[in-house]
Amino acid sequence: MAQQEGDPTYYSDEYHEKCIAAVRTDTSRNQQGWSPTDVVTLPGDARATLFDFIRRCIAEVCLPIDDLIGLVQFLGKSYGTGERPIGILGVVYRIIMYITKPDVGRFDKEFAGF
């Protein structure tokens with residue numbers, strides 16, 4: 001069955017490109033040494049294949065096993081004493097978060113009450 005615009009699993013390559021272009025360039029690398037900004041440097045056909053894979057992840061609500069692992073590092077605060085935790089998440093997971101951010105925000109507004 002073909003996906004239709006408006007279906008939550010529908011995201012065009014153009015939309016993915018727009019989301020990837022908006023990724024911060026100072027974002028950290030994951031456990032395998034990748035960053036979402038590395039996707040920008042992939043050749044067009046490789047990005048299209050990745051976007052197909054991401055659409056499948058969204059449709060099937062699943063992630064690659066290494067994206068299910070989140071490493072937590074504790075960084076010192078720039079002011080005073082103490083530490084703050086920061087999660088190092090998988091690249092596919094992070095890209096999906098960039099792509100679905102508008103939908104998640106809309107859901108929050110309509111159903112979650114915030």
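No experiment lies behind these values; they were computed from the predicted model shown.

Caption draft 1: Representation of the pattern of salt bridges. Across all of its chains, the model carries three salt bridges by this definition. Across the pair D103 and R106 runs a salt bridge whose closest N-O atoms are separated by 2.3 Å. Of the two residues, D103 and R106 are both situated in helix 3 (residues 91-112); the distance of three residues between them amounts to about one turn of the helix. The class for D103 is partly exposed, based on a relative accessible area of 27%.

Caption draft 2: Fine view of helix 3. With 22 residues, helix 3 extends just 27 Å between its outermost C-alpha atoms, more than 12% less than the 32 Å of an ideal straight helix rising 1.5 Å per residue. Regarding helix 3, the residues found buried are V91, V92, R94, I95, I96, I99 and T100. Elements that come into contact with the buried residues of helix 3 comprise helix 1 (13-21) and helix 2 (44-60). After helix 3 finishes, the residue G113 shows a positive phi value of roughly 80°.

Calculation notes
- Residues numbered from 1 in each chain as written.
- Predicted model: local features only at pLDDT ≥ 70, side-chain atom pairs only at ≥ 80, totals over all residues.
- Heavy atoms only, no water.
- Salt bridge = Lys/Arg side-chain N within 4 Å of Asp/Glu carboxyl O.
- Helix = DSSP H or I, 4+ residues; strand = E, 2+ residues; numbered from the N terminus.
- Buried < 20%, exposed > 50% of the residue type's maximum accessible area, 1.4 Å probe, protein only.
- Expected span 1.5 Å × (residues − 1).
- Contact = heavy atoms within 4.5 Å.

By themselves these figures say nothing about function.
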